[in-house]
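Each chain, letter by letter, is given below.
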Amino acid sequence: MAYKTDVVGVEPPPVEDMVTGSIKDIPPDEEGNLHKTLKDRHLSMIAMGGALGTGLLIGTGSALAQTGPGGILIDYSIIGVIVFMVMAALGEMTSFSPMSRGFGGYATRFVDPALGFATRYAYFFKYLLTTPNQLSAIALIIEYWTGDRVNPAVWITIALIAILVINFISVKAFGEFEFWLSSFKIIVMTGAIILLLVLALGGGANLQRTGFRYWNNPGAFAEYKLKGSVGRFVGVWSTMVQAVYAYGGTELVAVTVAEAQNPRLAMARAVKLTFFRIVIFYILSVLFLGMVVPYNSPELAFAAGSTTSAAASPFVVAIKLAKIGGLDHVINACLLIFVLSAATSDYYIATRTIYNIAADGNAPKILTRTNNRGIPIFAMIIPTAFCLLAYMSTSSGAKVVFTYLTSMVSTFGMLTWISILVTHIYFSRAVKLQQVPANLFAYRAPLREWGSLVGLLILCLLTLTKGFGVFLIEFDYKNFILQYIGLPVYLICLFGYKFYYRSGRVKAFEADLVTGVSMEPIEITRARRKAEMEESIATKPAFIRVCKKYLALCF
């Protein structure tokens, strides 16, 4: 061993495991149940486009109506920085020691088993609620065409059947489905961003150059619940929840890495792509949307005084205001595909999360059973049952149900990010104390533990204060429960496990930095992987070789 194994307190793995970096954290009776059929391109594309869904396409509509173009730009920029810190922390740990247990596995290994337990269940609860939220969004998108003439339950049922079929076929089929849909989403989103810029510069059918006109009238910041500057501040701070929801799912690539063929290099590459996705698809999108869509437009479904045919997405509203005939329907159809893709990914994450929980002995063991295609069929039962929450849209309305579920999903999402950052801080201390060589890391967080500490403080403040709007004017107990229900659930899981099992904190010098870690320097690993890819491509036809070459340059 190249670093201090005498203080780690564990036996080093066999030489062959040290070289290949194979994952040995799965018990023998379960090892191999999940098929490792996701390729590097699957993970890279899932990282780029997998989370481009409801939060960005529809959540920006409610955020724009609530806080205005200036507020939404501030919110998405702040949360974007935090998300990159989370992904950098996660990328450093995951590429160093890929694990099939997800975020909770790292928390158990480096911090405390109680934190691992709470993290797993917080993430599981998040995705139990995210999938029905996506289904409600699908109904909301289709309402642009059908209005109130068709019951939303029809569209929810069709989408739910499609999600189940895609997830039930095989992991490889899921990877291919997400790869091509994510590719499609990236192309369409890039085109939509360019179109928004063209519209802002006067390229629409109405030939109106809006520029920053809507930043002056109706204004850069909307008043929320209160008048004046206080109301504008309340709008900005309370809309952070929508920004958190929009970025939610960014971390899902770390869950799919358990079924990747080359997790060490694939995760490092995926995290690097995250930075570009944040800047291009989130920051530029909300900037240009604020230039072409006023926050009080009646064409926006979430704005006050919206019409019955209002669009759920501000992207569709932008095209409609520019009077480009027919294109609004094309974009709405693309958004429908986007949300279906996001719902498929969310359902996948929910099943894999409960599978990992059960594999650790913290849920019924039957949930670890898989079929011959590596699909955890029993783990699919609980997420499927929770998808029925989407049918509340038939009575309360898709817009209301979407808003309610967004609040709860955002809470569990922030608690998961908090756990990741705490884990990374402990991991960084252990790495320093045990003097782990730098050449064993495929990726290092730019600011190390200091970036995680800053992100942790901001997230804790936001988690505690994100629902303060319920106390203004008149106490709204329903919204209060929705905003904060995740916090006591998380704390009960954390302290309940700690008191019941008497678990203790993992000391830095005892942290396991050996199991599943490749002792091969990263330079050698990259060179070997490059040679393998070149050898594989050389056997392909000339046309395929050219396509792969230029696709690699793009992605």
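The structure presented is a predicted model; accordingly, all values stated were derived computationally and were not measured.

Participant: Even after reading the chapter, I still don't get the overall build of the chain, so can you show me in this structure?
Facilitator: When helices and strands are counted, the chain shows 23 helices and zero strands. Only carbon and sulfur atoms are counted for the fraction: they give 67% of the accessible area of the chain, which is about 22,000 Å².

Participant: Is there a simple way to think about the packing of helix α14 (residues 314-321) against helix α15 (residues 327-359) in this case?
Facilitator: Each pair of packed helices can be described by the angle between their axes along with the distance between the axes. Interaxial distance between α14 and α15 falls to 9 Å at its minimum, and their mutual angle equals 170°. Looking at the two axes, α14 sits roughly antiparallel to α15. Contact residues: F315, V316, I319 and K320 in α14; L327, D328, I331, N332 and L335 in α15. The residue inventory of the contact of α14 with α15, partitioned by class, reads six nonpolar, one polar and two charged.

Participant: Sorry, what's going on with the pattern of salt bridges here?
Facilitator: Opposite charge on two side chains permits pairing when their charged atoms draw close. The tally for this structure, following the rule as stated, stands at seven salt bridges. With its nearest N and O atoms 3.5 Å apart, the salt bridge here joins R444 to E92. Residue R444 is found in the loop between α18 (398-433) and α19 (448-465), and its partner E92 is found in helix α4 (residues 59-96); the two are separated by 352 residues along the sequence. Using a relative accessible area of 1% as the deciding quantity, one classes E92 as buried. Here E223 ties to R232 by a salt bridge, and the two come within 3.6 Å at their closest N and O atoms. A residue is classified by how much of its surface remains accessible, and E223, at 38% relative accessible area, is partly exposed. Its relative accessible area of 32% is what places R232 among the partly exposed residues.

Participant: Would you take a moment to explain the packing of aromatic side chains for this structure?
Facilitator: Each aromatic ring pair is summarised here by two numbers: the centre-to-centre distance and the angle between the ring planes. Applying the stated criterion across every chain yields a total of 23 aromatic pairs. Here the aromatic rings of Y123 and Y127 are separated by 4.9 Å at their centres, their planes lie at 65°, and the arrangement is edge-to-face. Here the residue Y123 and the residue Y127 both occupy positions in helix α6 (residues 113-146), the gap between them amounting to four residues, near one helical turn. The burial state of Y123 is the same as that of Y127; both residues are buried. Members of the aromatic cluster, joined through ring pairs, are F117, Y121, F124, F125, F412, Y497, Y500 and Y501.

Participant: What is the right way to look at a nonpolar patch on the surface in this model?
Facilitator: Residues F471, F475, Y477, F480, I481 and I485 make up a contiguous nonpolar surface patch of about 590 Å² in total accessible area. Relative to the helices and strands, F475 resides in the loop between α19 and α20 (477-484). When its relative accessible area of 43% is taken as the criterion, F475 is described as partly exposed.

Participant: Just to check I follow, could you spell out the confidence of the model for the chain for this structure?
Facilitator: Note: predicted coordinates in regions of low pLDDT should not be interpreted at a detailed level. Looking at the chain, pLDDT values average 80 and 81% of them are 70 or higher. Per-element confidence in the chain ranges from a low mean pLDDT of 36 for helix α1 (residues 15-20) to a high of 94 for helix α21 (residues 486-501). Every residue in residues 5-32 is under pLDDT 50, and counting partners more than four places away or in other chains gives 54 contacts.

Participant: Help me understand the side chain of K126 in this model?
Facilitator: As for its position among the elements, K126 is in helix α6. Setting aside chain neighbours within four positions, we find K126 in contact with G248, G249, E251, V409, F412 and G413.

Participant: Please clarify how the side chain of N133 should be interpreted in this entry.
Facilitator: Along the polypeptide, N133 turns up in helix α6. Each residue touching N133, except ones within four places of it in the same chain, is listed here: Y245, V401, F402, L405 and T406.

Participant: Just to check I follow, could you spell out the nonpolar core for this structure?
Facilitator: Buried together is how nonpolar side chains tend to be arranged in soluble globular proteins. By size, the foremost hydrophobic cluster in this structure holds 151 residues, and its most contacted members are I58, I79, L135 and W417. With 19 residues, α6 is the single largest residue contributor to this core. If sequence neighbours within four positions are ignored, L135 has contacts with I156, A159, L160, I163, C387 and A390.

Participant: Mind showing me how you'd approach the environment of F103 here?
Facilitator: Of note, F103 is situated in helix α5 (residues 102-110). Assessed through its relative accessible area of 5%, F103 is described here as buried. Taking C-alpha positions, F103 is 9.6 Å from T353, a pair spaced 250 residues apart along the chain.

Participant: Please clarify how the environment of R352 should be interpreted in this entry.
Facilitator: Examined against the element boundaries, R352 turns out to sit in helix α15. R352 gets classed as buried once you look at its relative accessible area, which sits at 3%. For the pair R352 and P376, spaced 24 residues apart in sequence, the C-alpha to C-alpha distance is 7.7 Å.

Participant: How should the packing of α5 against α6 be read in this particular structure?
Facilitator: Running from N to C, α5 and α6 point in directions that differ by 170°, and their axes come no closer than 7 Å. The angle between α5 and α6 places the two elements in the roughly antiparallel class. Where α5 approaches α6, its residues F103, G104, G105, A107 and T108 are matched on the opposing element by P113, L115, G116, F117, T119, R120 and Y123. Looking at the contact of α5 with α6 residue by residue, the classes come out as six nonpolar, five polar and one charged.

Participant: Hey, could you run me through unusual backbone geometry in this one?
Facilitator: Most of the time, phi is negative for any residue but glycine, and the peptide bond is trans. In this chain, N217 is followed by P218 through a cis amide linkage whose omega measures 15°. Here P218 shows up in helix α9 (residues 213-219). Even without being glycine, K225 reaches a positive phi, approximately 70°. Position of K225 among the secondary structure elements: in the loop between α9 and α10 (228-238).

Participant: Can you help me understand the environment of I141 in this one?
Facilitator: With respect to the secondary-structure elements, I141 resides in helix α6. Taking the relative accessible area as the measure of exposure, I141 reaches 2% and is therefore buried. The sequence separation of I141 and L335 amounts to 194 residues, and the corresponding C-alpha distance is 7.8 Å. Those residues within four positions of I141 in sequence are excluded, and the remaining contacts are I58, N332, L335, L336 and V339.

Here is what the cut-offs are and how they apply
Residues numbered from 1 in each chain as written. Predicted model: local features only at pLDDT ≥ 70, side-chain atom pairs only at ≥ 80, totals over all residues. Heavy atoms only, no water. Helix = DSSP H or I, 4+ residues; strand = E, 2+ residues; numbered from the N terminus. Areas by Shrake-Rupley, 256 points an atom, 1.4 Å probe, with all protein chains shown as cover. Axes fitted to C-alpha atoms, helices over the stretch in contact; angles between N-to-C directions. Parallel < 35°, antiparallel > 145°, perpendicular 65-115°, else oblique. Contact = heavy atoms within 4.5 Å. Nonpolar A, V, L, I, M, F, W, Y, C, P; charged D, E, K, R; others polar. Salt bridge = Lys/Arg side-chain N within 4 Å of Asp/Glu carboxyl O. Buried < 20%, exposed > 50% of the residue type's maximum accessible area, 1.4 Å probe, protein only. Phe/Tyr/Trp six-rings, centres within 6.5 Å; stacked < 30°, edge-to-face > 60°. Patch = residues over 30% accessible without salt bridge, like charges linked within 9 Å, V, L, I, M, F, W, Y side chains within 5 Å. pLDDT = per-residue confidence, 0-100. Core = buried A, V, L, I, M, F, W, Y, C linked by side-chain atoms within 4.5 Å.

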